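The chain contents come next:
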Amino acid sequence: MKKFLFLSVVGLVMCAFTTPMTKISSANIVHPVDKDFPSLLPNKPVGQTMANKYVDSVYNRINLANVGLKKEVFFKAFKGYQYLESKGMLDKPDLLTIVDYSQSSSQKRLYVIDLKAGKVLFNTYVSHGKRSGGEYATSFSNVEDSHKSSLGFIVTGKSYSGGSGYSMHLNGVEPGINDNVYSRYIVMHGSHYVNARRADENETGRSFGCPAVPYGQQYAIINKIKEGSCLFIWAPDNHYQVSSRILNAAFQWPVLKKDGKFKELLAPLNNTASSVLDGAPDLNDNKNS
């Protein structure tokens, strides 16, 4: 009983941090909106833009459908990743991390993708804010003490050891949507209330807004994606889809700028469907969690 109470208290502890860090400015995110740019992949191949075709190719090459990531979610994530890269905001442009809150908290809804290698490096569980919803996250906020998750594009910061153990700073780059995550102390960390056993019982714990991962897995995940990679937190929230200047941005994708590069990138990788997770760390939950 004491152990249960202790874990419950841990699940409600605010994700605090102690080390100073320069916050990434979101001032350069203001740009024109192109309403003609598709926010979803078209149902038919006829009339697909070059960007549509490229994202479709990458999605299929990495076999992301096999790990439960929908194509339209990957398209949005990849577009924003390309936007941040075009602004020179990514120090680790080979990596893209996606948290898909449209999925149940009992599912492995965090994906760390190595775009250069064409592999999913991590696919595991992740928590959402206690006031964002129960099994599903349906309500989001950028306000301090809301205890809700924030959506949108984030640039990962430095790692540190704080009140929640080994953790990672997050820098939201969407004004009015997630640019307060740093000041709200929303960080990535490990937790005993997020694991396979609790997911199987549909009892995944919730945080004060932090995307917490299973305890023991935070070390490998944070060490891989920290200091300048793209993190996209998604849910089909109407306010976010209308308000996000990144999702609705008009800009030239870096990957499509050079002549001939698009054709080269469409060439299939030498990966088979079963090789998506080859070489990925063992993501079995820590036995002590």
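Every chain is numbered independently, its residues counted from 1 as its sequence is written. Only residues with pLDDT of 70 or above have their local features reported here, since the model is predicted, and side-chain atom pairs are shown and tallied only from 80 upward, although totals for entire chains, interfaces and linings are computed over all residues. Only hydrogens and water are removed before side-chain values are computed, so all heavy atoms of the structure are retained for them.

The name an unreviewed UniProt entry gives the chain is L,D-transpeptidase catalytic domain, with Arachidicoccus rhizosphaerae as the organism.

Colleague: Just give me the short version of the pattern of salt bridges, but keep the residues and values in it.
Modeller: For salt bridges, the criterion is a side-chain nitrogen of Lys or Arg within 4 Å of an Asp or Glu carboxyl oxygen. By the definition in use, this model includes two salt bridges. Between Arg197 and Glu201 there is a salt bridge whose closest N-O contact spans 3.8 Å. Categorising residues by exposure relies on relative accessible area from a 1.4 Å probe, with only protein chains included: less than 20% of the type maximum marks a residue as buried, more than 50% marks it as exposed, and the intermediate range marks it as partly exposed. The class for Glu201 is partly exposed, based on a relative accessible area of 44%.

Colleague: Describe the packing of aromatic side chains, listing the residues and the values that go with them.
Modeller: Centre-to-centre distance and the angle between the planes together describe a pair of aromatic rings. Two aromatic rings, drawn from Phe, Tyr or Trp (for Trp, its six-membered ring), form a pair once their centres lie within 6.5 Å of each other, and the interplanar angle then sorts them: stacked below 30 degrees, edge-to-face above 60, tilted otherwise. Applying the stated criterion across every chain, the model contains 13 aromatic pairs. Ring centres of Phe78 and Tyr81 lie 5.3 Å apart, and the angle between their planes is 50°; this geometry places the pair in the tilted category. Of this pair, Phe78 and Tyr81 both sit in helix α3 (residues 71–86), three residues apart, which is roughly one turn of the helix. The same class applies to Phe78 and to Tyr81, which are both buried. Here Phe251 and Trp253 contribute two aromatic rings whose centre-to-centre distance is 6.3 Å and whose plane-to-plane angle is 10°, an arrangement assigned as stacked. Following the ring pairs from residue to residue traces out a cluster consisting of Tyr54, Tyr59, Phe74, Phe75, Phe78, Tyr81, Tyr83, Phe251 and Trp253. For the purposes of this entry, the term helix denotes a DSSP run of H or I that reaches at least four residues, the term strand denotes a run of E that reaches at least two, and both are numbered from the N terminus.

Colleague: I'd love a proper account of the environment of Val58, names of residues and values included.
Modeller: Looking at the element boundaries, Val58 is found in helix α2 (residues 50–61). Distance in space between the C-alpha atoms of Val58 and Phe75 is 9.7 Å, their sequence separation being 17 residues. Aside from chain neighbours lying at most four places away, what touches Val58 is Phe74 and Leu115. Contacts: residue pairs with any heavy atoms within 4.5 Å of one another.

Colleague: Mind laying out the sheet that holds strand β4 (residues 152–162), listing which residues take part and the relevant values?
Modeller: One requirement defines pairing of two strands: DSSP has to find at least two bridges between them. With respect to topology, eight strands assemble into an open sheet ordered β3-β2-β1-β8-β4-β5-β6-β7, the strand pairing being mixed. Whereas interior strands pair on both sides, the edge strands pair on one side only; in this sheet they are β3 (119–124) and β7 (213–214). Strand direction decides the pairing type here: strand β2 (residues 110–114) and β3, joined by five bridges, are antiparallel. Across the sheet, the residue bridging to Tyr111 is Asn123, located in β3. Between N-to-C directions, angles cover 0 to 180 degrees, with each direction set by a line fitted to C-alpha atoms, over the stretch in contact for helices. The strands touched by α3 within the sheet are β1 (95–100), β2, β4 and β8 (230–234), with β1 carrying the most contacts at an inclination of about 135°. Contacts from helix α5 (residues 218–225) reach β1, β2, β3, β4, β5 (165–172), β6 (188–191) and β7, with the element oriented near 35° to β5.

Colleague: Quick one: what's the story with empty space enclosed by the protein, residue by residue and with numbers?
Modeller: A 1.4 Å probe that fits but cannot get out identifies a cavity on a 1 Å grid over protein atoms alone, an open set with protein on both sides within 12 Å along at least five of seven lines counts as a pocket, and a residue lines either if it has an atom within 4 Å of a point. Grid points are joined across faces, edges and corners, and a volume is the space filled by probe spheres set on the points. In total, this model carries two cavities of 30 Å³ or more according to the counting rule given. In this structure, the second largest cavity spans a volume of roughly 50 Å³. What lines the second largest cavity is Tyr101, Ser149, Ser150, Ile154, Val181, Ile186, Gly209, Pro211 and Ile233. Classes in brief: Ala, Val, Leu, Ile, Met, Phe, Trp, Tyr, Cys and Pro nonpolar; Asp, Glu, Lys and Arg charged; the others, Gly included, polar. Here the lining of the second largest cavity is built from residues that sort into six nonpolar, three polar and no charged.

Colleague: Lay out α5 with the relevant residues and their values.
Modeller: Taken as a whole, α5 has its buried residues at Gln218, Ile221, Ile222 and Ile225. Seen along its axis, α5 keeps its buried residues to an arc of 90°; they face one direction. Where α5 terminates, the next one or two residues include Glu227, which has phi positive at roughly 65°. Along the arc lie the directions from the helix axis toward the C-beta atoms.

Colleague: An account of the pairing of β6 is requested, with residue identities and associated values reported.
Modeller: Where a strand is regular, its side chains alternate between the two sheet faces. Of the two faces of β6, the one lined by Met188 and Gly190 and the one lined by His189 and Ser191 are each fully buried. Strand direction decides the pairing type here: β5 and β6, joined by two bridges, are antiparallel. The partner of Ser167 across the bridge, within β6, is His189. Pairing of β6 with β7, which is carried by two bridges, proceeds in the parallel orientation. Counted as the bridge partner of Ser191 is Pro214 from β7.

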